[in-house]
Amino acid sequence: MQTLCNESRIEFHGLSGRVLIADFDGGNIVSDGGVPLVAEVDRIFRVLERYADCFTDHRDPEASEHSVLDLVRQRIYGLCLGYEDLNDHDRLRTDALIAACVGKQDPEGQQRRRPDDRGKPMAGKSTLNRLELSKVGADPDSPYCKIVADLDGLADLLVDVFLDAHDSPPEEITLDIDPTNLETFGQQLGRHFQKHYDGYCYLPQYVFCGEFLLAAQLRPGDVGAMSGAMKLLPKIVTRIRQRWPDVGITIRGDGHFSDDRLMSWCEATPGLKFIVGMPSNARLMNEVQEAQRQMAAEFAAAKQSDENSGPPQEPPRTFVEISYRTLDSWSQQRRVVAKVEHLPGPTGDSVSAFAVATAEKSAVQAEQHLAQARSAAATATATADGQQRRAQRLACLAETMAAAAPRDHSERAKSLRADAKTTRKQAQRAEVLARKERRAAAKAEQRAETLQTQAAAARTAADWLLEQASWEGKSNVRFVVLSRAAEELDGRTAYEEGYCPRGDAENRIKEQKYLFAGSLPCEAMRANQIRLYQCSFAYVLCMLLRRFGLAETELSQAQCPTIRTRLFKIGALIQVTTRRVWTHISSSYPYRELFGQVLSNLRRAAEKFSKGVPRIPDSPFAGDDPPRLAVT
């Protein structure tokens, strides 16, 4: 059977003896039937209302059909629903359901001023880009973009939403700071090649408290992890302490943040702690060698026991306390905790054969250099001794010649005295040469001692790597530096419960990228920072929905793409009446019970956090029954 197409219907191949026909007569059906959940969260916590207050609108009110609040809601709701770019809104602007959730009084757009805009209740891309492209100094006389964002206000709002989402201050919170890479597009300002990420990118700085986003600071790609951190973190801590003066705060980060500036600030601020990763180095690794050896022995014994009987056991793990201070970059000694464990794997997995061979070669070369230095020192010593003996012989000869010379003024006496004088000068020169050779011999001996220390260290390192190569499995060592004393927090708890949960911030950053934080195509960094904030507040809406709407449901831990797929991307038939917008969701929607539970949870959250949110009646208005659907 051939596929038949005309203007009204499409006929496909028969399935199970039936003909499959598609037409375009379904009515006003949308694919984003779950957008009212996003709008419900927005209105409960007044997120985008306060977001819009961070913009100054210099447009002529008489000539503007879309308020700033309408624009930011349309843009950020679109990000939540999976519409990445502004171009998407040229098609999305006709969606009556999104228009109603945005707050349009005319969700079908039949009362627009221009005839070409009728049927399109929302703004297109050319209007929406005014949110991003307006410059700092824009005013009513600017020719085009006149909606100016207050970036400091947007940054503060992220913290305020976090504070407002708690009905009482917690006793202690942990702030996770972490940079990431965002790909750049073309010759953008701030782009830079990063070898670690193998591409041109920005390096934004994120700060999270659990699943709450507290900062999303866009930075050029050529900065370090600490760049801007000492301005960002104090600002966040100060704003939190204004509302919660007694809350304990811990700063947590990876090894990039084991910086003396950050740690000294935490130590000097009451109630502020830190726990950050620590890059390994030779001094720290020397401190844990015995623990590594012990864990390897326990692993071998446990494996042999497992082979004889019983299920496999957890890899052995221990923690080593180290009092450590860097040679020059730290201002004081600090507590470092080392986690040492031995993981399963093949023999020699702890160290590569190349590393063992390289270390052995270095040890042999160091020993050869030591032998050469010792030979050179012995030669210099022998030369110095020879010169000293020659000087002594010449001095004795000069004295003998002087004593043998007659006391008269004969030619013979004069000749003997002259020869004695010459010999005495030769003895003095020999003495000078002897002292010079003794200094050279001392330097050679000193160099030999230095090379002996280096050769011993190289041999010890080579033997240590050779020993590790004989182990079965892999030794895994990690270091953290923290401000809490061992009496307050033991090493195991500090690492496993204090530091390891930092990895959850990586999942939150991934959610940012699911919400198109990686799509920053504007030329100017300010415009891209505004786009990053749009994605950040889209994440905030989804996070609040998950935290309060999906609590104690099967999606309580779901990430943004899953929430979007199961709750937002729903087919629904839209019908607009005088007083209502009817959303007829598909009868076969598999998550209808979950949908209702989410809405009930949000209503309970509204009663707790937002007393001023108007209550939606549970029953329809009198005389406003849903329109009848014609079924053919």
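Quick look at the structure, then. (Residues numbered from 1 in each chain as written. Predicted model: local features only at pLDDT ≥ 70, side-chain atom pairs only at ≥ 80, totals over all residues. Heavy atoms only, no water.)

### Focus on the overall build of the protein chain
For step 1, the next point in the chain: Within the protein chain, the secondary structure is distributed over 19 helices and 19 strands.
For step 2, the next point in the chain: The C-alpha atoms of the protein chain give 39 Å as radius of gyration, which overshoots the globular expectation for 632 residues (26 Å, by more than 25%).
For step 3, the next point in the chain: Considering only C-alpha atoms, the protein chain reaches an extent of 150 × 80 × 65 Å along its principal axes.
For step 4, the next point in the chain: Within the protein chain, counting contacts between residues at least 6 apart in sequence, those at least 24 apart form 70% of the total. (Helix = DSSP H or I, 4+ residues; strand = E, 2+ residues; numbered from the N terminus. Rg over C-alpha atoms; globule rule 2.2 N^0.38 Å. Contact = heavy atoms within 4.5 Å.)

### Quick notes on unusual backbone geometry
For step 1, the next point in the chain: At D198, a residue that is not glycine, the phi angle is positive and equals roughly 55°.
For step 2, the next point in the chain: When you line up the elements, D198 lands in the loop between β9 (192–194) and β10 (199–202).
For step 3, the next point in the chain: For D198, a relative accessible area of 62% puts it in the exposed group.
For step 4, the next point in the chain: With a phi close to 75°, F516 is a non-glycine residue in the positive phi region.
For step 5, the next point in the chain: Considering the arrangement of structural elements, one finds F516 in the loop between α16 (504–514) and α17 (525–549). (Buried < 20%, exposed > 50% of the residue type's maximum accessible area, 1.4 Å probe, protein only.)

### Here we look at the sheet that holds strand β8 (residues 182–183)
For step 1, the next point in the chain: Across the sheet, three strands lie side by side as β8-β10-β9; this open sheet has antiparallel pairing. Because the sheet does not close on itself, it has two edges, and the strands there are β8 and β9.
For step 2, the next point in the chain: Sheet topology places β9 next to β10; three bridges connect them, and they run antiparallel. In the sheet register, H192 faces β10, and the bridge partner there is C201. (Pairing = 2+ DSSP bridges.)

### Let's talk about the packing of helix α9 (residues 229–243) against helix α10 (residues 260–268)
For step 1, the next point in the chain: As a packed pair, α9 and α10 sit with axes 11 Å apart at the nearest point and diverge in direction by 20°. Viewed along their axes, α9 and α10 adopt a mutual orientation that is roughly parallel. Here α9 and α10 pass one another in a crossing that is right-handed. The residues of α10 that touch α9, namely those facing M230, L233, P234 and V237, are R261, L262 and W265.
For step 2, the next point in the chain: Looking at the contact of α9 with α10 residue by residue, the class counts come to six nonpolar, no polar and one charged. (Axes fitted to C-alpha atoms, helices over the stretch in contact; angles between N-to-C directions. Parallel < 35°, antiparallel > 145°, perpendicular 65-115°, else oblique. Left-handed = near helix turned anticlockwise from the far one by under 90°. Nonpolar A, V, L, I, M, F, W, Y, C, P; charged D, E, K, R; others polar.)

### Quick look at the packing of aromatic side chains
For step 1, the next point in the chain: Under the counting rule described, the total for this entry stands at 14 aromatic pairs.
For step 2, the next point in the chain: Between F208 and Y539, the aromatic rings sit 6.3 Å apart at their centres with planes inclined by 90°, giving edge-to-face as the arrangement. Of the two residues, F208 sits in strand β11 (residues 205–209) while Y539 sits in helix α17, which places them 331 residues apart along the sequence.
For step 3, the next point in the chain: Among the residues examined, F208 registers a relative accessible area of 0% and is labelled buried.
For step 4, the next point in the chain: Ring geometry for Y495 versus Y499: centroids 6.0 Å apart, planes at 35°, classification tilted. Here Y499 and Y495 lie together in helix α15 (residues 491–499), a separation of four residues that amounts to about one turn.
For step 5, the next point in the chain: For Y499, a relative accessible area of 13% corresponds to the buried category.
For step 6, the next point in the chain: Put simply, the rings of Y51, F55 and F537 pair up and form one aromatic cluster.
For step 7, the next point in the chain: The lysine or arginine in question, R191, covers the ring of Y200, its NZ or CZ lying 3.9 Å from the ring centre.
For step 8, the next point in the chain: Over the face of the ring belonging to W330 we find R334, whose NZ or CZ atom lies 5.3 Å from the ring centre. (Phe/Tyr/Trp six-rings, centres within 6.5 Å; stacked < 30°, edge-to-face > 60°. Lys NZ or Arg CZ within 6 Å of the ring centre and 35° of its normal.)

### Observations concerning helix α3 (residues 68–81)
For step 1, the next point in the chain: Counted at 1.5 Å a residue, the expected span for α3 with its 14 residues is 20 Å, and the 20 Å between its end C-alpha atoms agrees.
For step 2, the next point in the chain: The buried fraction of α3 amounts to 13 of the 14 residues, a majority that puts the element mostly inside the structure.
For step 3, the next point in the chain: Following α3 by one or two positions, G82 has its phi on the positive side, about 100°. (Expected span 1.5 Å × (residues − 1).)

### A few points about the packing of helix α1 (residues 35–45) against α3
For step 1, the next point in the chain: Closest axis-to-axis distance for the α1/α3 pair is 10 Å, and the angle between their directions is 125°. Our classification of the angle between α1 and α3 gives oblique. Judged by the twist between their axes, the crossing of α1 over α3 is right-handed. Taken together, the residues of α3 that come into contact with α1 (itself represented by V35, V38, A39, D42 and R43) are R73, Y77, C80 and L81.

### A few points about the sheet that holds strand β7 (residues 172–179)
For step 1, the next point in the chain: An order of β12-β11-β7-β13-β14-β17-β16-β15 is seen for the eight strands of this open sheet, with the pairing classed as mixed. Each edge of the open sheet is held by one strand with a lone partner, namely β12 (212–217) and β15 (317–324). Direction aside, the axes of adjacent strands within the sheet are offset by 20° on average.
For step 2, the next point in the chain: Here strand β13 (residues 248–253) runs beside strand β14 (residues 272–278); their pairing, made up of five bridges, is parallel.

### Thoughts on a positive patch on the surface
For step 1, the next point in the chain: Positive charge collects at one region of the surface, where R389, R390, R393, K421, K425 and R429 lie side by side.
For step 2, the next point in the chain: Counting only elements with at least two residues in the positive patch, the list comes to α13 (353–404) and α14 (411–469).
For step 3, the next point in the chain: Positionally, R389 belongs in helix α13. (Patch = residues over 30% accessible without salt bridge, like charges linked within 9 Å, V, L, I, M, F, W, Y side chains within 5 Å. Areas by Shrake-Rupley, 256 points an atom, 1.4 Å probe, with all protein chains shown as cover. Salt bridge = Lys/Arg side-chain N within 4 Å of Asp/Glu carboxyl O. Lys, Arg positive; Asp, Glu negative; His and termini not counted. Charge placed at Lys NZ, Arg CZ, Asp CG, Glu CD.)

### Thoughts on the environment of V320
For step 1, the next point in the chain: Locating V320 in the fold gives a position in strand β15.
For step 2, the next point in the chain: For the pair V320 and G190, spaced 130 residues apart in sequence, the C-alpha to C-alpha distance is 42 Å.
For step 3, the next point in the chain: Beyond its immediate chain neighbours, meaning those up to four positions away, V320 contacts E287, V288, A291, V336, V337, A338 and V340.

### With respect to the pairing of β11
The side chains of a regular strand alternate between the sheet's two faces.
For step 1, the next point in the chain: Of all five residues in β11, five are buried; the element is thus mostly enclosed.
For step 2, the next point in the chain: What you see with β11 is no split at all: Q205, V207 and C209 on one side and Y206 and F208 on the other are buried throughout.
For step 3, the next point in the chain: Across four bridges, β7 lies against β11 in antiparallel orientation. Within β11, the position partnered with D178 by the bridge is Y206.
For step 4, the next point in the chain: Pairing between β11 and β12: five bridges, direction antiparallel. When the bridges of β12 are listed, C209 appears paired with F212.
For step 5, the next point in the chain: Connecting β11 to the next strand, β12, in antiparallel fashion are two residues, including G210 with a positive phi near 65°.

### Side note on the pattern of salt bridges
For step 1, the next point in the chain: Under the defined criterion, the tally for this structure stands at 48 salt bridges.
For step 2, the next point in the chain: When the shortest N-O distance is used, the salt bridge between R334 and E267 registers 2.8 Å. Here R334 is found in strand β16 (residues 334–347), whereas its partner E267 is found in helix α10, with 67 residues between them in sequence.
For step 3, the next point in the chain: Given the relative accessible area of 4%, R334 is considered buried.
For step 4, the next point in the chain: As a salt-bridge pair, R317 and E341 come within 3.0 Å of each other at their nearest N and O atoms. Of this pair, R317 sits in strand β15 while E341 sits in strand β16, placing them 24 residues apart in sequence.
For step 5, the next point in the chain: Salt bridges linked by common partners bring E65, R93, R112, R114, D116 and D117 together as one network.

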